[in-house]
Amino acid sequence: MKRFNKIPDFSFTYTSNGKCCIGHYSENSYINGSIYHLKKNGIGMLITEEILNNNIDYLCPINKNGKIGFINSFAEIVIEPQFDNVDDHFITSESLVRVCKNERYGIIDSKGNYVVDCQYRNLSSILEGHYVITQNEFYQYAVIDINTKNEVIPYGKYNQINIKGMFLQVKKGSFIGIIDIYDNIIVPLKYKWISPIENSSYVRVVKSFKEDDKIVDRWGIIDLPNLLGNRIIEPYYDYINPIKDMMVFATKSNKRCCIDLCEMRDVQEYVAGSSLHTIFERESTYNDYKGSYVKDVMGYDDATISDAFEGDIDAYWNID
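How each quantity is defined
Residues numbered from 1 in each chain as written. Predicted model: local features only at pLDDT ≥ 70, side-chain atom pairs only at ≥ 80, totals over all residues. Heavy atoms only, no water. Buried < 20%, exposed > 50% of the residue type's maximum accessible area, 1.4 Å probe, protein only. Helix = DSSP H or I, 4+ residues; strand = E, 2+ residues; numbered from the N terminus. Pairing = 2+ DSSP bridges. Contact = heavy atoms within 4.5 Å.

Engineer: Sorry if this is basic, but what is going on with the pairing of strand E20 (residues 214-223) here?
Structural biologist: When a strand is regular, its side chains alternate between the sheet's two faces. The buried fraction of E20 is high, at seven of ten residues. Two elements, strand E19 (residues 202-211) and E20, share ten bridges in a ladder whose sense is antiparallel. The partner of Val 203 across the bridge, within E20, is Ile 222. Two successive antiparallel strands, E19 and E20, enclose a turn made up of two residues, where Asp 212 displays a positive phi of approximately 55°. Where E20 lies against strand E21 (residues 232-237), three bridges are found, and the strand directions are antiparallel. Following the sheet pairing, Ile 221 is matched in E21 by Ile 233.

This is the structure:
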């Protein structure tokens, strides 16, 4: 473990020839004595000197009667077992850790002091060092500055807030978009669905349109590093496969094309029919690869299996 920043008193008193004397434990003896004390008091974790030495954290979690606490590198209890769940690690003395007590979440420091009281139904990981997404008793979401306890994004503004890489995905009504921690719009709230971040910076999006008195879903792509969401393939395709190695296969009217996202970096907006994709090469068929999960269950066409998966029907399980 990382050495605790307060060295304990290794001294002890004993009587010799009627005199009171002071002796000193070695560090190893002190640690082994502390481990014995933990075991004697029912600490429900296998603690050995080797485990402590190999632990890379500043504080090590322990369990007593189903409650979690923490010990230091000298096997001393620093934070008494009292929590039902712990979501983070004390990597350094400056770390902050999310804890759950009586079904409510809060944050403590390495001395066991509450930075945020256990009062929330849910608490996200800590963003940019001092922001968290919280959920109150009314299931409303907000973003809180844990230093000031102020609401950076107030309760009720969005139906839902989730972490999306370095940004936040939010939902308002039936539409979702992406914002930064300061509530600046990155991707407008107009989409039905947004994928996880792929290829480090892209998301696929789905937007619903009314065409010929029917509601249809169209797929597009957004390049997140352009903070205004300008580098986009407007929702146009019937389906876009997961992005891999800056290339993506898209389907339109049972025909498919390959989009090179490297070219997309050089433009501000994509319009269907531009040079950003090859011509639609062939009509999709579903006659080959019968009996495979990727075709019969997932519905991928023959061309996608042949090109994107190189004909390997088991390659589906390796995609994101």
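Picking up where we left off.
Engineer: Honestly, the environment of Lys 190 in this entry has me stumped. Any pointers?
Structural biologist: With respect to the helices and strands, the residue Lys 190 is situated in strand E17 (residues 185-191). Given the relative accessible area of 30%, Lys 190 is considered partly exposed. Residues Lys 190 and Gly 177, spaced 13 residues apart in sequence, show a C-alpha to C-alpha distance of 6.5 Å. Apart from the residues lying within four places of it in its own chain, the contact partners of Lys 190 are Phe 175, Ile 176 and Lys 207.

Engineer: When you look at the sheet that holds strand E11 (residues 131-135) in this model, what are you seeing that I'm missing?
Structural biologist: Hydrogen bonds between backbone groups are what pair the strands of a sheet, and the pairing can be parallel or antiparallel. Overall, antiparallel pairing links the four strands, which are arranged E10-E11-E12-E13 in an open sheet. Every interior strand has two partners, whereas the edge strands, strand E10 (122-123) and strand E13 (151-153), have only one. With two bridges connecting them, strand E12 (residues 141-145) and E13 associate as antiparallel partners. Pairing of Ile 144 across the sheet is with Glu 151, part of E13.

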